[in-house]
Amino acid sequence: MLYSRFTKLVEEHAEYLTERWLVEVKNNPSTAGYTKISDEILTSRVYDVYKRLDKWLSDEDPDHKKSAEHFIALGRERANEGLHVSEVVYALVLSRAVIWNYLVEQELINTSIDLRLALEFYQRINNYFDKAVYFVAVGFESASKDRSELLDRTDFLDKSVDAIAKWITKIP
């Protein structure tokens, strides 16, 4: 019950979360490169990350391949824009922090059972963002390669997705 309320809060308040993230990313010295990008573009980008989180939480991408392809492409795009990988990683960290801080502020965690469910939810969020960070880094590393060269190597993408899926499922 609480788990679904968390998911619903994130989904229903994606615009608000996006606005909070925008303030954070524009004012944080660790994401200085983002100050050169328009608010409209950044809003669209982080809103997409939040929408993908909702799909990931609802298991609409069970093998994580679509997510992997998306975040690899995102990493390549950010590299080509001249952002530093550390800035993009920290922007993802900030988006995760904005979600968790918002959920805590809603004061839905009132019992030990609520806390356990909240921590399970946070673990799933962490898994999503850990995967996003990994595949963004892969995208950055491959930015100088031809996109078809990387994605045509189906073994590369499949092995990467399998490796991260196995790592995520080992986490208690």
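Keep in mind the model is a prediction, meaning the values are calculated, not measured. (Residues numbered from 1 in each chain as written. Predicted model: local features only at pLDDT ≥ 70, side-chain atom pairs only at ≥ 80, totals over all residues. Heavy atoms only, no water.)

*Asks:* Which residues make up helix α3 (residues 39-57), and what values go with them?
*Replies:* With 19 residues, α3 ought to run about 27 Å at 1.5 Å a step, and its terminal C-alpha atoms sit 27 Å apart, in line with that. Taken as a whole, α3 has its buried residues at L42, V46, V49, Y50, L53, W56 and L57. Along α3, the residues classed as buried sweep out an arc of 120 degrees about the axis, all on the same side. Two residues or fewer past α3, D59 is found with a positive phi of approximately 60 degrees. (Helix = DSSP H or I, 4+ residues; strand = E, 2+ residues; numbered from the N terminus. Expected span 1.5 Å × (residues − 1). Buried < 20%, exposed > 50% of the residue type's maximum accessible area, 1.4 Å probe, protein only. Arc of directions from axis to C-beta.)

*Asks:* Tell me what's going on with the packing of helix α2 (residues 14-27) against α3, and back it up with residues and numbers.
*Replies:* For any two helices packed against each other, the geometry comes down to the angle between their axes and how far apart the axes lie. Packing of α2 against α3 leaves a shortest axis separation of 9 Å and a crossing angle of 125 degrees. Considered as vectors, α2 and α3 are oriented oblique to each other. Relative to α3, the crossing made by α2 is right-handed. Touching A14, E15, L17, T18, W21, L22, V25 and K26 of α2 are D39, L42, T43, V46, Y47 and Y50, all from α3. Of the residues in the contact of α2 with α3, the class split is nine nonpolar, two polar and three charged. (Axes fitted to C-alpha atoms, helices over the stretch in contact; angles between N-to-C directions. Parallel < 35°, antiparallel > 145°, perpendicular 65-115°, else oblique. Left-handed = near helix turned anticlockwise from the far one by under 90°. Contact = heavy atoms within 4.5 Å. Nonpolar A, V, L, I, M, F, W, Y, C, P; charged D, E, K, R; others polar.)

*Asks:* Any chance you could break down the nonpolar core for me, citing the residues and the numbers?
*Replies:* Membership of the largest hydrophobic core comes to 41 residues, with the highest contact counts inside it found for W21, Y34 and I99. No other element matches the ten residues that helix α6 (residues 112-141) contributes to this core. Excluding residues within four positions of it along the chain, Y34 makes contact with W21, V25, K26, L42, L83, E87, V88 and A91. (Core = buried A, V, L, I, M, F, W, Y, C linked by side-chain atoms within 4.5 Å.)

*Asks:* Tell me about the pattern of salt bridges, and name the residues and values.
*Replies:* Under the criterion given, the structure shown has nine salt bridges. For R78, the salt bridge identified is with E81, shortest N-O distance 3.8 Å. Overall, R78 belongs to the buried group, its relative accessible area being 5%. Ionic contacts of the salt-bridge type, sharing partners, join the residues R45, E77, R78 and E81 into one network. (Salt bridge = Lys/Arg side-chain N within 4 Å of Asp/Glu carboxyl O.)

Interpretation note: all reported values are geometric properties and have no functional meaning in isolation.
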